[in-house]
Amino acid sequence: MSLIDSHCHLNLGELLENSDELVKRAYEADVKKFIIVGCDLDDSKTAVTLAQKYNQFSAIGIHPHETSKYEKLPDEFYTMINADKNIAVGEIGLDFHYMNSPIDTQTRFFKLQLDFAREFKKPVILHIRDAMSEALNILEDYRDLKFLFHCYSGGTEFLERVLSFKNCLCAFGGALTWKGKASENLREAFLKIPLDKIIFETDCPYMTPAPFRGKPNEPAYVKYVYEKACELRGIDLKEFGDITNANMNRFFV
């Protein structure tokens, strides 16, 4: 059996320091594929290095929180984009929750990186928080690209528009296992998404699933997300593993 963590940050902090042990635990939990995702220049470089070290995958990008630190896309991105094991641009998008960068800066850099993904024919890993309508309006001009909606947060309200993008995946993480109204709404959306549009993630060290909420997340814990998804959809773990592997292989060609 082979499970997937489509979004992790082994390139950050304590996870980076303990990456060998975390990768070992992931393999022991049948998590055989994962994507290490960049949020700025430095950790994008580290993502590429780790992906090559562990024979896994990386994505490079400037997170919306970090966009005010850059006037343009760093020149190094034009070399890293075609590095061995680098399969996507991300995570990029809009985040109007914390507003760590001004809206106009986020928007300009979002479009710049979408153009970059188009130039190099790479799928895009999206970070969208409290800005789904604005982000979808921008994405209308990029329907030729593939979009992975990391930590899907559009609920049922935006689901029809999201699924109108032919080449899209919706990623679900620890929040699928949590209690509370927001997670109930997330599960409602999850049940309406076609199986060929679903993939799972940790976003570690964040978004830790039950029963470990409050502790640092790690790739091995994506198995708990899978198990909750199996319960909700009435599918066994091996079958859901096969489904998400097929989805990843089709999406990241």
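Residues numbered from 1 in each chain as written. Predicted model: local features only at pLDDT ≥ 70, side-chain atom pairs only at ≥ 80, totals over all residues. Heavy atoms only, no water.

Engineer: Outline unusual backbone geometry, listing residues and values.
Structural biologist: A cis geometry characterises the amide bond from Cys-204 onward to Pro-205, with omega recorded as 15°. The topology assignment puts Pro-205 in the loop between β8 (198-200) and α9 (222-233). Following Ala-210, the chain continues to Pro-211 via a peptide bond in cis, the omega torsion being 15°. Note that Pro-211 resides in the loop between β8 and α9. Although it is not a glycine, Cys-151 adopts a positive phi angle of roughly 50°. Within the element layout of this structure, Cys-151 appears in the loop between β6 (147-150) and α7 (159-163). (Helix = DSSP H or I, 4+ residues; strand = E, 2+ residues; numbered from the N terminus.)

Engineer: Got a sec to walk through the layout of surface pockets? Specific residues and values, please.
Structural biologist: As a volume, the largest pocket reaches approximately 930 Å³. In this structure, the largest pocket is lined by 37 residues; those nearest its centre are His-127, Arg-129, Cys-151, Asp-203 and Met-207. At the level of secondary structure, the elements contributing two or more residues to the lining of the largest pocket comprise β4 (86-95), β5 (124-129), α6 (132-139), β7 (168-172) and α8 (181-192). At four residues, the largest contribution of residues to the lining of the largest pocket is made by α8. For the lining of the largest pocket, the class distribution of residues is 17 nonpolar, 12 polar and eight charged. (1 Å grid on protein atoms, 1.4 Å probe; cavity = no way out; pocket = protein on both sides within 12 Å on 5 of 7 lines; lining within 4 Å. Points joined across faces, edges and corners; volume = space filled by probe spheres on them. Nonpolar A, V, L, I, M, F, W, Y, C, P; charged D, E, K, R; others polar.)

Engineer: Give a detailed account of the sheet that holds strand β3 (residues 57-60), specifying residues and quantitative values.
Structural biologist: In sheet architecture, strand pairing relies on hydrogen bonds along the backbone and comes in two forms, parallel and antiparallel. Taken in spatial order, the eight strands make up an open sheet running β1-β2-β3-β4-β5-β6-β7-β8, and their pairing is parallel. On the outer flanks of this sheet lie β1 (3-8) and β8, each paired with one strand and no other. Between one strand and the next, the sheet's axes are offset by a mean angle of 25°, whatever the strand orientation. Sheet analysis places β5 next to β6, joined by four bridges and oriented parallel. Opposite Ile-125, over in β6, you have Leu-148 as the bridge partner. Where α6 meets the sheet, its contacts fall on β4, β5 and β6, and the angle it forms with β6 comes to roughly 170°. (Pairing = 2+ DSSP bridges. Axes fitted to C-alpha atoms, helices over the stretch in contact; angles between N-to-C directions. Contact = heavy atoms within 4.5 Å.)

Engineer: Requested: an account of the pattern of salt bridges, with residues and values cited.
Structural biologist: Across all of its chains, the model carries 14 salt bridges by this definition. Ionic pairing is found between Lys-69 and Glu-66, a salt bridge with its closest N-O pair at 2.5 Å. According to the relative accessible area criterion, Lys-69 is exposed, its value standing at 60%. For Lys-72, the salt bridge identified is with Asp-75, shortest N-O distance 2.8 Å. Residue classification places Asp-75 among the exposed residues on the basis of a relative accessible area of 53%. Several salt bridges share partner residues, and in doing so they unite Glu-21, Arg-25 and Glu-218 into one network. (Salt bridge = Lys/Arg side-chain N within 4 Å of Asp/Glu carboxyl O. Buried < 20%, exposed > 50% of the residue type's maximum accessible area, 1.4 Å probe, protein only.)

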